[in-house]
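The lines below spell out each chain.
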Amino acid sequence: MLTYILSFLPLSDQKEASLVSRAWYCAAQNALRETNVQYNIPVSSASLSAIKSLGLRGISRISLTNLDGSPTSYQVLQSVAYHLGPHLQSLCLGGGSPTEAAFVALILGCPALRTLDLSGCNSLFTSGTLLAQPETAQSVKQALGSLRELSLAGLRDLADLSFNRLSNCAPGLERLSLAYCHLTFQPGLAQGSVEFQDSSSSQLSFRNVLRFVRERAGRLHALDLSGTGLPPEALQVLSQVAGLQLQELSLHSCRDISTEAVATLCRQQPGLTFLDLSGCSELTDGALLANLDMAECCLVSGWELAQALGSAHRAPPPLTSLSLAYCSSLKDASVLSMIPALGPSLRVLDLSSCVALTNRTVQAICTHLTHLSVLRLAWCKELRDWGLLGLGEPSEEPAQGSQQCPTLECQASGLKEPSPDPQGPSLLMLQALQELDLTACSKLTDASLAKVLQFPQLRRLSLSLLPALTDTGLVAVARGCPSLEHLVLSHCSHLSDQGWAQAAGAWPRLQHLNLSSCSQLTEQTLESIGQACKQLRVLDVAMCPGINMAAVRHFQAQLPQVTCVQSRFVGGADLTLTL
């Protein structure tokens, strides 16, 4: 029963609960296992006892870091295979350099693997002899019979032969990543011909990958070809593979992809629910999926997307995630026509750097998208206090020569209170928010932030580059958002030690904190943080002239669990000499 109750708590609270007693510790560990937590294990002799302990608890998801070809790494891999292997379901060796023999021995000891991440493990593929022996390949095939997901991202030496050998050992693959592998494309793709050719031992060809997709069409559901330079004709041929029913496709930074090719993809693969087109700069809007990422597609305007969402001829799948970040052509009018049709299923909305959007968009979001858990509005510089507060647009401008005031009473006429409470569709409507990014929304002040930033479930918040944020706003945010784990307040020059002395105590769960370029902070702020934020892991105080290295060292001694402190140019270093 205790394990069941703890499973509903966030990870940080589960860690705190584990300190109550031995029974609570065991219950918390069981809850962690049930939520599929991945354990990161550094490869060293000191990790051997931890591996044995994790094996006794039946841990099923691990990632090995600092893996190389040394005897110590081999010993650790043997320990993983013996203690964790029988029940291990997810294994990540990303960026490691294991030997082929050590890798094969590890895989043979993990017969229950469902996910294997070999991204960046170039040492396994450099020689081109991995799994070249038929008897070894047959043994590995038996061990990988349950494998469903394989990542080969970023492998510069991956070739047709080595890819075929490894993929043949995993007949049940459903998800494959070849992101940022060097794919070669031959002429004749438009006709879709895949004539038999000998597999290359020196390069990975799209023709060979296409052959694999055709052979596995009935089972393959997710494919990641990000950063491979996929041309439009290759995407069209891929989408037309008979029997292929993709649900997820990532094409991040495939800059040559055309709108026509994406349209063909959507017609041929109606079951797609996730499509990553971020960085595909030649695209205009036109695709519609459950998770749609069109970040950095500068030609997207939103009109076609709004029409597709409102179309009665084709009922689109309900969107759960939409990213239009860096789409500089987006205007209020198209977004306003799109937002009402997005529906209650949307959980993630990213409009970062859509610089033309104004308060009209924010108020539409607060009206129609009240179930959002993630909202990113970074660099939307036209947002103002009255928009976040749900007030009407000011109808009168201040008289010429009148005193300028950054607070709300000087931005809207007819307001009797200096800091009015929210009235219309304000940001307070989004009570399910867990992440909010208002970076560089430079016209926002304490007048709105102190009133609307009241989200008990909020975990991540960025208020960087807000020149009008003061201690008053900081303290109000601390009281309204007590569950913060990740906070970014860089370049907030009006924050002081006094503000942090009052705010720090409200954030016991804080793990990541960025205070870089906060010019008024001194070692007193570090003292306040060190006393209150015992779970802190990462701190950035770079370019804080009031903090010196002696204070940073004292802070690290006070909180030894802090694994990273960014302290470059602290103490007022002369940047003209150091840069």
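Here is what the cut-offs are and how they apply
Residues numbered from 1 in each chain as written. Predicted model: local features only at pLDDT ≥ 70, side-chain atom pairs only at ≥ 80, totals over all residues. Heavy atoms only, no water. Helix = DSSP H or I, 4+ residues; strand = E, 2+ residues; numbered from the N terminus. Buried < 20%, exposed > 50% of the residue type's maximum accessible area, 1.4 Å probe, protein only. Contact = heavy atoms within 4.5 Å. Areas by Shrake-Rupley, 256 points an atom, 1.4 Å probe, with all protein chains shown as cover. Pairing = 2+ DSSP bridges. Right-handed = clockwise from strand over helix to strand, strands pointing away. Core = buried A, V, L, I, M, F, W, Y, C linked by side-chain atoms within 4.5 Å. Domains from an automatic or database assignment. pLDDT = per-residue confidence, 0-100. Salt bridge = Lys/Arg side-chain N within 4 Å of Asp/Glu carboxyl O. Disulfide = S-S within 2.5 Å. Axes fitted to C-alpha atoms, helices over the stretch in contact; angles between N-to-C directions. Parallel < 35°, antiparallel > 145°, perpendicular 65-115°, else oblique. Nonpolar A, V, L, I, M, F, W, Y, C, P; charged D, E, K, R; others polar. Left-handed = near helix turned anticlockwise from the far one by under 90°.

**Q** In this structure, what is going on with the overall build of the chain? I would like to understand it.
**A** A count of helical and extended segments in the chain gives 21 helices and 21 strands. Residue burial in the chain is summarised as follows: out of 579 residues, 50% are buried. Across the chain, every contact between residues at least 6 apart in sequence was considered, and the portion connecting residues at least 24 apart equals 74%. Surface accessibility of the chain: about 25,100 Å² in total, with carbon and sulfur atoms responsible for 51%.

**Q** What is the right way to read the pairing of strand β2 (residues 61-65) from this model?
**A** Every other side chain in a regular strand lies on the same face of the sheet, so the side chains alternate between the two faces. Bridge analysis of strand β1 (residues 39-42) against β2 gives four bridges, and the strand direction is parallel. Bridging from a neighbouring strand, Y39 pairs with I62 of β2. Between the parallel pair β1 and β2, the chain is carried across by helix α4 (residues 48-56), and the sense of this crossover is right-handed. Pairing of β2 with strand β3 (residues 90-92), which is carried by three bridges, proceeds in the parallel orientation. The residue of β3 that forms the bridge with R61 is S90. One crossover worth recording links β2 to the parallel β3 by way of helix α5 (residues 71-84), and it is right-handed.

**Q** Even after reading the chapter, I still don't get the nonpolar core, so can you show me in this structure?
**A** Note that soluble globular proteins tend to have their nonpolar side chains buried in a common cluster. Core analysis: the biggest nonpolar cluster contains 79 residues, and I62, L118, L152 and L178 have the highest contact counts within it. When residues of this core are assigned to domains, at least three fall in each of domain 2 (38-184 + 203-220) and domain 3 (246-284 + 303-387). Aside from chain neighbours lying at most four places away, what touches L118 is L93, F103, L124, F125, S151, L152, L155 and L166. By size, the runner-up hydrophobic cluster in this structure holds 77 residues, among which are L351, L357, A364 and L559.

**Q** Help me understand unusual backbone geometry in this model?
**A** A negative phi holds for most residues other than glycine; trans holds for most peptide bonds. A positive phi angle, near 60°, is found at Y180, a position not held by glycine. Mapped onto the secondary structure, Y180 falls in the loop between β6 (175-177) and β7 (183-184). In this structure, L465 takes a positive phi of about 60° despite not being glycine. Position of L465 relative to the elements: it lies in the loop between β17 (460-462) and α17 (471-480).

**Q** How do you make sense of the confidence of the model for the chain when you look at a structure like this?
**A** Looking at the chain, pLDDT values average 85 and 84% of them are 70 or higher. Predicted confidence is poor over residues 396-418, with pLDDT under 50, and the contacts of this stretch with residues over four places away or in other chains come to 28 contacts. In this model, residues 574-579 is a region of pLDDT below 50 whose contacts with residues beyond four sequence positions or in other chains number four contacts.

**Q** Help me out: how do you make sense of the pattern of salt bridges in this one?
**A** Pairs can form between side chains of opposite charge once their charged atoms are near each other. In total, this model carries 10 salt bridges according to the counting rule given. Because the salt bridges share partners, they merge into one network encompassing D350, R376, E435 and R460.

**Q** Sorry, what's going on with the state of the cysteines here?
**A** Cysteine pairs can be covalently joined through their sulfur atoms, and such a bond is termed a disulfide. One pass over the full model with this rule turns up zero disulfides. C327 forms no disulfide, and the closest cysteine sulfur to it belongs to C354, at a distance of 5.6 Å. Its relative accessible area of 0% is what places C327 among the buried residues.

**Q** Can you walk me through the packing of helix α19 (residues 523-532) against helix α20 (residues 549-558) in this structure?
**A** Packed helix pairs are specified by the crossing angle of their axes together with the interaxial distance, meaning the distance between the axes. Running from amino to carboxyl end, α19 crosses α20 at an angle of 5°, the nearest separation of the two axes being 10 Å. Relative to α20, α19 is oriented roughly parallel. Counting all contacts with α19, which are made through E523, L526, E527, I529, G530 and Q531, the residues of α20 involved are A551, V552, H554, F555 and Q558. Looking at the contact of α19 with α20, its residues break down into five nonpolar, four polar and two charged.

**Q** Looking at this structure, I do not really get the packing of α4 against α5. What am I missing?
**A** Packing of α4 against α5 brings their axes to within 9 Å, and their N-to-C directions diverge by 15°. Of the possible angle classes, the one that applies to α4 and α5 is roughly parallel. For the element pair α4 and α5, the recorded crossing hand is right-handed. Across the interface between the two elements, L48, I51, K52, L54 and G55 of α4 pack against Q75, V76, S79, V80, H83 and L84 of α5. Of the residues assigned to the contact of α4 with α5, the class counts are six nonpolar, four polar and one charged.

**Q** Honestly, the environment of R114 in this entry has me stumped. Any pointers?
**A** Along the chain, the position of R114 falls in the loop between α6 (100-108) and β4 (115-117). Note: C-alpha distance between R114 and L91 (23 residues apart in sequence) is 8.5 Å. In this structure, R114 is in contact with Q89, S146, L147, R148 and E149, ignoring residues within four places of it in sequence.

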